[in-house]
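Coordinates in review
As a plain string of letters, each chain reads:
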Amino acid sequence: MPATRADVARLAGVSPSTVTYVLTGKRATSESTRNRVLHAIEELGYLPNRHASVLAAHSVRSVGVLFRMQPRSVDLDDQGYVGGLRARLEAEGIRVFVPLVRAREVRKDLSALVQSRTLDAAVLMDVAPDDERERLLRNKVPVVLIGTSGAAVSDEVDADFEQMLNLAISHLAGLGHRRVLHLGRRITRDLANVYRAQGEAISRVASAHGVEVLNRPVEDNAVAGAAMMEHGRLPGRCTAVVSNNPMAMEGLLAAAWSHGVGVPEGLSAVTLGLAVPREPGGALITEVSVDRAAMGRHAGELLLRRLARPKAAPEHLTMSAGLVDRGSVAAVPAASAESAVSAASAA
């Protein structure tokens with residue numbers, strides 16, 4: 001016979017109502033009491049009715065952060081968003097977790113999470129145009145996007161990509177860079193909107209600063225990035241590289257290092273929202289990025305406001321980026337600058 005709430009209470013030495021408070025967060029309980037109840041639940045294999053618990057608390061108790069299953073795993077950059085979200089929601093007694101949703105089994109995996117009452121609400125990452133996950137979840141659980149799908153039906157928090165790229169290009173232009181390699185990600189049907197938005201913004205911004213951009217979208221792997229180095233130099237006489245493709249960027253920098261080309265002595269480098277090492281010792285590339293933890297906290301705040309006002313119109317927040325100067329950008333040497341100007345004139 002399945003364990004009951006009373007069984008859990010008896011084993012933990014608390015009242016049945018205390019078990020409910022631990023499960024729903026409706027009232028505060030001490031850490032020791034909470035640990036005893038959770039230990040009893042695990043020992044007995046107790047499976048509470050998640051739907052009933054949520055209704056009883058008039059709130060959400062667990063929020064899943066849903067990533068697209070791409071070749072990479074949840075990396076250090078992603079952890080910033082999750083950490084900020086967790087800091088905001090766990091203060092309200094809401095558990096944050098990262099479930100596995102397979103790219104080829106999105107419908108099946110999401111349905112299982114909702115039907116089992118494991119998922120009370122969702123925060124979507126790597127948001128793509130007309131995102132299938134948003135459509136599948138929209139009428140089942142509250143949904144918040146870190147990014148934008150273009151549907152304008154969910155609460156969203158996103159970066160100001162025009163401002164982000166302006167910050168990166170103006171930093172390079174101020175140090176004399178006039179030809180810049182944009183090492184992007186090859187756009188596929190389901191790739192997140194962020195990469196399209198950054199690719200479109202860099203061309204507009206560069207033109208305003210008198211900078212020529214060489215766009216090279218490549219696959220997400222180190223070999224593709226390494227192939228960009230031509231005899232120890234960036235292609236097209238570029239003197240700097242800007243990238244939102246971490247694996248390709250690592251490959252390019254590894255190839256540069258193997259040719260004896262240092263950063264920033266031989267080339268300058270800036271990443272867009274990524275922590276990428278520039279040398280074997282682990283020193284990082286100069287980065288232009290939003291505050292990832294702050295964006296996660298904003299997503300949590302949007303969710304809490306949605307729970308308080310379920311019928312309110314969707315909100316869209318935009319965050320500005322900042323530049324973290326880690327010393328991977330330097331002024332263009334005179335010879336390189338003259339060569340770049342000549343190449344631009346010839347073009």
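Our subject in this report is the structure included herewith. Every value quoted in this text rests on a predicted model; they were computed, and no experiment measured them.

What counts, and at which threshold
- Residues numbered from 1 in each chain as written.
- Predicted model: local features only at pLDDT ≥ 70, side-chain atom pairs only at ≥ 80, totals over all residues.
- Heavy atoms only, no water.
- Helix = DSSP H or I, 4+ residues; strand = E, 2+ residues; numbered from the N terminus.
- Buried < 20%, exposed > 50% of the residue type's maximum accessible area, 1.4 Å probe, protein only.
- Contact = heavy atoms within 4.5 Å.
- Areas by Shrake-Rupley, 256 points an atom, 1.4 Å probe, with all protein chains shown as cover.
- Expected span 1.5 Å × (residues − 1).
- Arc of directions from axis to C-beta.
- Axes fitted to C-alpha atoms, helices over the stretch in contact; angles between N-to-C directions.
- Parallel < 35°, antiparallel > 145°, perpendicular 65-115°, else oblique.
- Left-handed = near helix turned anticlockwise from the far one by under 90°.
- Nonpolar A, V, L, I, M, F, W, Y, C, P; charged D, E, K, R; others polar.
- Pairing = 2+ DSSP bridges.
- Salt bridge = Lys/Arg side-chain N within 4 Å of Asp/Glu carboxyl O.
- Right-handed = clockwise from strand over helix to strand, strands pointing away.

Notes on the overall build of the chain
Secondary structure assignment for the chain yields 13 helices and 12 strands. For the chain, the residues scored as buried account for 46% of the 347 residues in total. Within the chain, residue pairs in contact and separated by at least 24 positions form 69% of the contacts whose partners lie at least 6 positions apart. Accessible surface for the chain amounts to roughly 16600 Å². Of this, 52% is attributable to carbon and sulfur atoms.

Examining helix α8 (residues 161-174)
Between its terminal C-alpha atoms α8 stretches 20 Å, which fits the 20 Å expected from 14 residues at 1.5 Å a residue. Turning to α8, its buried residues number three or more, namely Phe161, Met164, Leu165, Ala168, Ile169, Leu172 and Ala173. End-on view of α8: buried residues confined to an arc of 155°, all on one side of the axis. Looking at the packing, one finds that the buried side of α8 touches β5 (155-159), β6 (179-185), α9 (193-208), β8 (240-243), β9 (268-272) and β10 (286-289). One or two steps after α8, the chain reaches glycine 176, where phi turns positive at roughly 95°.

Observations regarding the packing of α8 against α9
It is at 8 Å that the axes of α8 and α9 come closest, and there the two elements cross at 50°. By the angle between their directions, the pair α8 and α9 is classed as oblique. Crossing handedness for the pair α8 and α9: right-handed. Mapping the contact onto sequence places Phe161, Glu162, Met164, Leu165, Asn166 and Ile169 in α8 and Val194, Ala197, Gln198, Ala201, Ile202, Arg204, Val205 and Ala206 in α9. Split into classes, the residues belonging to the contact of α8 with α9 amount to 10 nonpolar, 2 polar and 2 charged.

Things to note about unusual backbone geometry
The step from valine 263 to proline 264 runs through a cis peptide bond, and the omega angle for that step is 10°. Mapped onto the fold, proline 264 is located in the loop between α11 (246-258) and β9. With a phi angle near 50°, aspartate 130 is a residue other than glycine that sits in the positive phi range. By secondary structure assignment, the location of aspartate 130 is in the loop between β3 (121-124) and α7 (132-137). In this model, alanine 152 sits at a positive phi of 60°, which is unusual for a non-glycine residue.

Some remarks on the sheet that holds β10
The 6 strands lie next to each other as β7-β6-β8-β9-β10-β12, forming an open sheet whose pairing is mixed. The strands lining the two open edges of the sheet, one partner per strand, are β7 (212-218) and β12 (322-324). Averaged over all pairs of adjacent strands, the angle between strand axes in this sheet comes to 20°, irrespective of strand direction. Bridge count between β9 and β10: 3 bridges; the pairing is parallel. Each bridged residue has a counterpart across the sheet, and for valine 270 the counterpart in β10 is threonine 286. Where α8 meets the sheet, it contacts β6, β8, β9, β10 and β12, and its direction lies at approximately 175° from that of β9.

Section: the sheet that holds strand β2 (residues 95-97)
What the 6 strands build is an open sheet, ordered β2-β1-β3-β4-β5-β11; its pairing is parallel. Taken across any chain shown, the strands that pair with only one partner, and hence form the sheet edges, are β2 and β11 (316-319). Neighbour-to-neighbour, the strand axes of the sheet open up by a mean angle of 15°, direction not taken into account. Relative to β2, strand β1 (residues 62-66) is paired through 3 bridges, and the arrangement is parallel.

Comments concerning the pattern of salt bridges
Two side chains with opposite charge may pair up if their charged atoms get near one another. Applying the stated rule across the entire model yields 16 salt bridges. Ionic pairing is found between glutamate 90 and arginine 86, a salt bridge with its closest N-O pair at 3.2 Å. Of this pair, glutamate 90 and arginine 86 both sit in helix α5 (residues 76-90), 4 residues apart, which is roughly one turn of the helix. The exposure class of glutamate 90 is partly exposed, given its relative accessible area of 39%. Exposure remark for arginine 86: the relative accessible area of 29% places this residue in the partly exposed category. With a shortest N-O distance of 3.3 Å, aspartate 130 and arginine 135 are connected by a salt bridge. We classify aspartate 130 as partly exposed; its relative accessible area is 48%. When its relative accessible area of 40% is taken as the criterion, arginine 135 is described as partly exposed. Salt bridges here are not isolated pairs; linked through shared partners, they connect Arg88, Glu301, Arg305, Arg309 and Glu315.

A few points about the pairing of strand β4 (residues 143-146)
Going residue by residue along β4, you find Val143 and Leu145 tucked away on one face and Val144 and Ile146 tucked away on the opposite face as well. Here β3 runs beside β4; their pairing, made up of 3 bridges, is parallel. By the bridge assignment for β4, valine 123 is matched with valine 144. Chirality of the crossover, the property in question, places the unit of β3, α7 and β4 among those that are right-handed. The pairing of β4 with β5 spans 3 bridges and is parallel. Considered in β5, the bridge of leucine 145 is made with glutamate 156.

These figures come from the coordinates and say nothing about function on their own.
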